[in-house]
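Results of the structural survey
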Amino acid sequence: MGFSLSVSQADAVLRALKKDYRVYAPKRFPKQGRYSDTDIIRYAEVDSFADIVWDTKSDYPAKEVITPIQQAIFYFTEDEYRASKVKTKPILLLARPCDINAQRIQARIYAGNGGYDDLYYIRVRELVKFAVMDCNGGDDTCFCVSMGTNRTDDYALALKFSADGLLVQVADESFAPYFQDMPQAEYSHAFVEENELKVTIPDLSDKAVRMALKSHSMWQEYNSRCISCGACTVACSTCTCFTTRDVIYGVNPEVGERRRVTASCQISGFDQMAGQSEFRSTAADRMRYKVLHKFHDYKARFGEEHMCVGCGRCTHRCPELISITATVNKVSAAVEEIKASMASQ
Ligand code: SF4
Ligand code: SF4
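Every value quoted in this text rests on a predicted model; they were computed, and no experiment measured them.

**Looking at helix α11 (residues 324-343)**
Taking 1.5 Å per residue, 20 residues should reach 28 Å; α11 reaches 29 Å between its end C-alpha atoms and fits that length. Among all positions of α11, only I324, T325, T327, V328, V331, S332, A334, V335 and I338 are buried. Contacts from the buried residues of α11 go to α6 (207-214), α7 (221-225), α9 (283-302) and α10 (313-317).

If you want it as structure tokens, here you go:
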């Protein structure tokens, strides 16, 4: 079932949807960007068609709606505590295929992993339905096609925006009443089939090759280039690491709240243990850990797909212009070099 809506008709549908759903989409926040006079685009509740940034990829991922960068998990007083609460109104989340596929990846980590469910993830994730947004071809950091994440069938609505309005495909019949009396049109969603950027995924199935890669000289470049700021992981659609912080309200240290806060494996001290020892003490070690986690370790554990969805946000946000695609292609080249060297011995 398809519809073609003008801007005012799209606003009318949005008003009707908002009675039953909190509607989140990429939204522009003027002058909140990294540099002076630049904007930031991130997810927030939207009230009108004009609020939705549909022609530019958001700087930060859709996951922030489900797992915000920080949230209170419980409140404590001297002798008791209670869990935080969340709004129970359902969520309609407008997202591109990479962000929707990222939620399947995040769910494997947060839900049922090792026999445990993450309450704070699941209680929000259960409220979410997706409306897939057209990608307009993606941008020069996207490589979803290489990662197989350019398509999804996990959506209630499919949307193609233009300055004049909206084409809609209704995939979930429960959304049909919102489009009653709207002009029907043929629309079936088309996914991006090619990106400007491509990555060659390294073949890391051989343990001896992985061990040799660990000490390969290619990683040394990152000791001088990476400043260990963690911006890449904060912007990542699939990263899940967090730490906890206690916020004390007043003079009594036993009254306050515990928050969970996004953490980054790229920051020095992330893996520090008692005695100040660290598994990965250099930027090169941390980069190797991140890249191999995304392009080998997750798949080795969970089986089906790599952890990277090719959204390109880490490349886009890196202040040192470190490109994930260039890095992965360097890993692939190093792996081929290692294999050739092993074969000649
Ligand atoms: S590693 Fe980079 S490209 Fe891959 S999902 Fe994370 S932010 Fe996106
Ligand atoms: S790769 Fe870039 S964004 Fe990530 S920690 Fe290093 S400098 Fe920061």
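**Re the site of ligand 1**
Looking at ligand 1, the residues that line it are F143, C236, C308, V309, G310, C311, G312 and C314. For the shell around ligand 1, the residue count by class is 6 nonpolar, 2 polar and no charged.

**Here's the deal with the sheet that holds strand β4 (residues 70-76)**
Overall, antiparallel pairing links the 4 strands, which are arranged β5-β4-β13-β12 in an open sheet. Here the strands that pair on one side only, and so sit at the sheet edges, are β5 (81-83) and β12 (242-248). The sheet shows a mean angle of 30° between the axes of neighbouring strands, direction not considered. As defined by bridge partners, β12 adjoins strand β13 (residues 256-262) across 7 bridges and the pair is classed as antiparallel. Residue I248 lies in a different strand from β13, and its bridge partner there is G256.

**Structural notes on the sheet that holds strand β1 (residues 2-6)**
Here 7 strands make up an open sheet; going across it, the order is β1-β11-β10-β9-β6-β2-β3 and the pairing mixed. Two strands lie at the open edges of the sheet, namely β1 and β3 (40-45), each paired on one side alone. Ignoring which end each strand starts from, the neighbouring axes of this sheet average 30° apart. As defined by bridge partners, β1 adjoins strand β11 (residues 165-170) across 5 bridges and the pair is classed as antiparallel. Among the inter-strand pairings, L5 is bridged to a residue of β11, identified as L166. Its contacts with the sheet put helix α3 (residues 97-110) on β3, β6 (91-95) and β9 (128-133), and the angle it makes with β9 is roughly 150°.

**Notes on the pairing of strand β2 (residues 22-29)**
Each regular strand carries side chains that alternate between the two faces of the sheet. β2 sits mainly inside the fold: 6 of its 8 residues count as buried. Pairing geometry for β2 and β6, over 3 bridges, is parallel. Bridging from a neighbouring strand, V23 pairs with L92 of β6. Pairing geometry for β2 and β3, over 6 bridges, is antiparallel. Paired with P26 across the bridge in β3 is Y43.

**Examining the side chain of K290**
Looking at the secondary structure, you find K290 in helix α9. Salt bridges are absent for the buried K290, whose nearest opposite-charge side chain, E221, sits at 12 Å. For K290, the contacting residues outside a window of four places in its chain are C232, T233, C265 and Q266.

**Observations regarding the domain arrangement of the chain**
Note on interface size: it is often stated as the accessible area lost on association of the parts. Under the domain assignment, the chain is made up of domain 1 (2-67 + 85-179) and domain 2 (207-238 + 265-343). Relative to domain 2, the C-alpha centre of domain 1 lies at a distance of 28 Å. Contacts between domain 1 and domain 2 engage 25 residues on the former and 28 residues on the latter. The junction of domain 1 with domain 2 conceals about 2,300 Å² of combined surface from both sides, 54% of it contributed by carbon and sulfur atoms. Among the residues domain 1 hides against domain 2, the three largest losses belong to R34, R108 and F143. Together they make up 27% of the total. Summed over the shared surface of domain 1 and domain 2, the result is 5 salt bridges. Across the pair E304 and R108 runs a salt bridge, and its minimum N-O distance is 2.9 Å. The interface formed by domain 1 and domain 2 includes 18 residue pairs in polar contact (both at pLDDT 80 or more). Counting residues per element, the side of domain 1 that touches domain 2 draws most heavily on α3, at 9 residues.

**Remarks on the site of ligand 2**
By nearness alone, 13 residues border ligand 2, and C226, C229, G230, C232 and C318 come closest of all. For the shell around ligand 2, the class distribution of residues is 9 nonpolar, 3 polar and 1 charged.

**Concerning a negative patch on the surface**
Together, E78, D79, E80 and E254 make up a region of like negative charge exposed at the surface. Here E78 shows up in the loop between β4 and β5. For E78, a relative accessible area of 53% corresponds to the exposed category.

The rules we used
Residues numbered from 1 in each chain as written. Chains lettered and ligands numbered in written order. Predicted model: local features only at pLDDT ≥ 70, side-chain atom pairs only at ≥ 80, totals over all residues. Heavy atoms only, no water. Helix = DSSP H or I, 4+ residues; strand = E, 2+ residues; numbered from the N terminus. Expected span 1.5 Å × (residues − 1). Buried < 20%, exposed > 50% of the residue type's maximum accessible area, 1.4 Å probe, protein only. Contact = heavy atoms within 4.5 Å. Near = heavy atom within 4 Å. Nonpolar A, V, L, I, M, F, W, Y, C, P; charged D, E, K, R; others polar. Pairing = 2+ DSSP bridges. Axes fitted to C-alpha atoms, helices over the stretch in contact; angles between N-to-C directions. Lys, Arg positive; Asp, Glu negative; His and termini not counted. Salt bridge = Lys/Arg side-chain N within 4 Å of Asp/Glu carboxyl O. Domains from an automatic or database assignment. Buried area = accessible area lost by both parts, 1.4 Å probe. Polar contact = N/O pair within 3.5 Å; in protein donor to acceptor, adjacent residues only side chain to side chain. Patch = residues over 30% accessible without salt bridge, like charges linked within 9 Å, V, L, I, M, F, W, Y side chains within 5 Å. Areas by Shrake-Rupley, 256 points an atom, 1.4 Å probe, with all protein chains shown as cover. Charge placed at Lys NZ, Arg CZ, Asp CG, Glu CD.

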